[in-house]
Amino acid sequence: MALTNQDILEIRKDFPILQRQVNGKPLIYFDNAATSQTPQPVIDTIVDYYSNYNANIHRGVHTLSQEATDKYEEARITVQKHFNAAQPYEIILTAGTTHAINLVANGFASILKKGDEVLVSALEHHSNIVPWQILCEKTGAILKVIPQTESGELDLEAFNKAMTPDLKIVFVNHVSNALGTVNPIQYIIDQAHKVGAAVLIDGAQATPHIKPDVQALDADFYVCSAHKICGPTGVGVLYGKEEWLTKLPPYQGGGEMIDQVTFKKTTYAGLPHKFEAGTPNICGGIATAAGLDYMNNIGFDMIAAYEQQLLKYATKELLTIEGLKIYGTSKDKTAVISFNVGSIHPYDIGTILDKLGIAVRTGHHCAQPIMDFYKIPGTVRASFSFYNTKEEIDIFVASLKRAVMMLS
Ligand code: C6P
């Protein structure tokens, strides 16, 4: 079974924003890698929360607080099931991927010693580079890099050579946000474990397309952002194996993360609360589960298969444009196309496309090392979701041709 055109038309009705116009044209939203749009059931969940049971959680005996607490903890279980984590307390609800990575990197400051090695990939978003650089500055650990190839894949020979007894943690994205490359994370995890290193997978760009099984992968940490999976902004997920989350110290101190506080000594709460200091984004956590439910109702296999059709079609159509070069040509890609046309600046193309109602991202995509590798200032990035259509791709390609004519 595959998603039909009729299915997509029905799905599109769930997204109020897809009905709007931009600059007098129907919106064509191809910036899904930056953030996904929000379906009505998720919007309804948010309205329901603030209309009916808005309260602080884990600290009130009153009905509203208990209702909100129950929904929040149910949401954690929905997330746990989605990722197939062994325990609900291995799911920490964070403010996003960036927060989740910083939480882990900060924790490793108490584990790493001078001369230990940490390995990053050349395909990372800045969120999965900078926190580790800060960590290395703090600890004297050495940051090593898995280089990329011309096609935008990881150089696995170089990766294999980096497997040393000094290696303590590898951090790599499941999918590159700038190129769409799907990285061989199972291989990376298996090899890293052979030398006793932990692995953090940045799943921010994978989770909109792939349903990861953290136990099957044997990932030590897997992180993502709710706003890329039909949920709200400002919420994310950190999956961590119980043994790691137990070993890591808390990231932030405050309410909710404690067991006993005295001026002499404070003891910490157990998992997951040890890592959830302060009032969390309660509504956001609950709406994250609603986003996952929405996508699971469609089915991730169906979503991935349909998006691959869009990717194939858009790639073929875009390559008919003279001078267009696609960056990221790995066989295993999500529905992301990063490109430039001749020497036209990506920003100029993005500006004209916007005038025609089409949203794409332009620039370095928070992945400057990738742009440096290709010696370019940035790219135009079109990223598709299951609610996009071939007709939208046709309008996009025709509009791009117009833009190129105007700018050449
Ligand atoms: N990438 C993009 O347009 P936050 O901002 O914390 O929700 O996610 C950060 C992040 C981390 N890793 C990867 C692989 C990502 O793609 C992102 C966010 C967006 O590509 C916004 S910069």
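Report on the accompanying structure. (Residues numbered from 1 in each chain as written. Predicted model: local features only at pLDDT ≥ 70, side-chain atom pairs only at ≥ 80, totals over all residues. Heavy atoms only, no water.)

**A word on the site of the ligand**
Item 1. Within the structure, the ligand sits among 16 residues, and T98, D202, Q205, S225 and R361 are positioned closest to it.
Item 2. Separating an oxygen atom of the ligand from a backbone N or O atom of T97 is a distance of 3.4 Å.
Item 3. Look at the ligand: alone it shows 510 Å² of surface, and the protein chains cover 86% of it.
Item 4. Split into classes, the residues belonging to the shell around the ligand amount to 4 nonpolar, 8 polar and 4 charged. (Near = heavy atom within 4 Å. Polar contact = N/O pair within 3.5 Å; in protein donor to acceptor, adjacent residues only side chain to side chain. Areas by Shrake-Rupley, 256 points an atom, 1.4 Å probe, with all protein chains shown as cover. Nonpolar A, V, L, I, M, F, W, Y, C, P; charged D, E, K, R; others polar.)

**Details of the state of the cysteines**
Item 1. Tallied over the full model, the rule gives 0 disulfides.
Item 2. Not part of a disulfide, C224 finds its nearest cysteine sulfur in C230, a span of 12 Å.
Item 3. What makes C224 buried here is its relative accessible area of 0%.
Item 4. In this structure C366 is not part of a disulfide, and its nearest cysteine sulfur, from C224, lies 17 Å away. (Disulfide = S-S within 2.5 Å. Buried < 20%, exposed > 50% of the residue type's maximum accessible area, 1.4 Å probe, protein only.)

**Quick notes on the packing of aromatic side chains**
Item 1. Enumeration over the complete set of coordinates arrives at 18 aromatic pairs.
Item 2. Here the aromatic rings of W132 and F171 are separated by 4.0 Å at their centres, their planes lie at 15°, and the arrangement is stacked. Here F171 lies in strand β7 (residues 167-173) and W132 lies in helix α5 (residues 130-139), a separation of 39 residues in the sequence. Neither residue differs from the other here; W132 and F171 are each classed as buried.
Item 3. Relative to Y387, the ring of F386 has its centre 5.2 Å away and its plane inclined at 70°; by these criteria the two rings are edge-to-face.
Item 4. Exposure remark for F386: the relative accessible area of 1% places this residue in the buried category.
Item 5. An aromatic cluster of three or more residues is present, and its members are F15, Y294, F386 and Y387.
Item 6. Between the NZ or CZ atom of K247 and the centre of the ring of W244, over which it lies, the distance is 4.2 Å.
Item 7. A cation over an aromatic ring shows up here: K390 above the ring of Y313, its NZ or CZ 5.1 Å from the ring centre. (Phe/Tyr/Trp six-rings, centres within 6.5 Å; stacked < 30°, edge-to-face > 60°. Helix = DSSP H or I, 4+ residues; strand = E, 2+ residues; numbered from the N terminus. Lys NZ or Arg CZ within 6 Å of the ring centre and 35° of its normal.)

**Description of the packing of helix α11 (residues 300-318) against helix α14 (residues 390-407)**
Item 1. At their nearest, the axes of α11 and α14 sit 10 Å apart, and the two run at 20° to each other. Considering the angle they form, α11 stands roughly parallel to α14. Crossing handedness for the pair α11 and α14: right-handed. Every residue of α14 that contacts α11 at L310, Y313, A314, E317 and L318 is listed here: K390, I393, D394, F396, V397 and L400. (Axes fitted to C-alpha atoms, helices over the stretch in contact; angles between N-to-C directions. Parallel < 35°, antiparallel > 145°, perpendicular 65-115°, else oblique. Left-handed = near helix turned anticlockwise from the far one by under 90°. Contact = heavy atoms within 4.5 Å.)

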